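Below are the chains, spelled out letter by letter.
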Amino acid sequence: MKKQSFEENMDRLEEVVSLLEQGDATLGESLTLFTEGSKLLAVCQKELETARQKVVKLTKGPDGAPVEENFVMEDEE
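Now for a look at the structure at hand. As the structure is a computational prediction, the values presented were derived from the model and not from experiment. (Residues numbered from 1 in each chain as written. Predicted model: local features only at pLDDT ≥ 70, side-chain atom pairs only at ≥ 80, totals over all residues. Heavy atoms only, no water.)

1. Observations concerning helix H2 (residues 27-54)
- Taking 1.5 Å of rise per residue, 28 residues should cover 40 Å, and H2 covers 41 Å from first to last C-alpha, within 8% of that figure.
- Within H2, the full set of buried residues consists of Leu33, Gly37, Leu40 and Cys44.
- Where H2 is buried, its residues contact helix H1 (6-22). (Helix = DSSP H or I, 4+ residues; strand = E, 2+ residues; numbered from the N terminus. Expected span 1.5 Å × (residues − 1). Buried < 20%, exposed > 50% of the residue type's maximum accessible area, 1.4 Å probe, protein only. Contact = heavy atoms within 4.5 Å.)

Given below as structure tokens:
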């Protein structure tokens, strides 16, 4: 089985949430959907954190050349 992309996981997570919000599923189906959604959420959060750690901010150095700096969100400073 191929690994799903972030976008595919997010699409499925949205579908799971929608199905749970409709309230039409049986208790067993709801528990299965909740478990699947929880796993998808964890996978997506991990991928986002990995991507966040890779993001760098390009700034202009003293000589005008681009310089890479670690990206820090304003609320982390």
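Still to come is the rest of the account.
2. Description of H1
- The end-to-end C-alpha separation of H1 is 24 Å, in line with the 24 Å expected for 17 residues at 1.5 Å each.
- Taken as a whole, H1 has its buried residues at Asn9, Leu13 and Val16. What you see down the axis of H1 is that its buried residues fit within an arc of 60°, all on one side. The exposed set on the far side of H1, more than 90 degrees from its buried face, consists of Glu7, Asp11, Glu14 and Glu21.
- Of the surrounding elements, those touching the buried residues of H1 are H2.
- Of the residues trailing H1, Gly23 is marked for its positive phi of about 75°. (Arc of directions from axis to C-beta.)

3. Considering the environment of Phe6
- Structurally, Phe6 is set in helix H1.
- Overall, the relative accessible area of 24% leaves Phe6 in the partly exposed class.
- Phe6 has contacts with Cys44, Glu47 and Leu48, leaving out every residue within four places of it along the chain.

4. Examining the pattern of salt bridges
- Summed over the entire model, instances satisfying the criterion amount to two salt bridges.
- With a shortest N-O distance of 2.9 Å, Arg12 and Glu15 are connected by a salt bridge. Remark: Glu15 and Arg12 occur in helix H1; sequence separation between them is three residues, near one turn of the helix.
- We classify Glu15 as partly exposed; its relative accessible area is 43%.
- Between Glu36 and Arg12 there is a salt bridge; the shortest N-O distance is 2.7 Å. Separated by 24 residues along the polypeptide, Glu36 in helix H2 and Arg12 in helix H1 bring together distant segments of the chain.
- Residue classification places Arg12 among the partly exposed residues on the basis of a relative accessible area of 25%. (Salt bridge = Lys/Arg side-chain N within 4 Å of Asp/Glu carboxyl O.)

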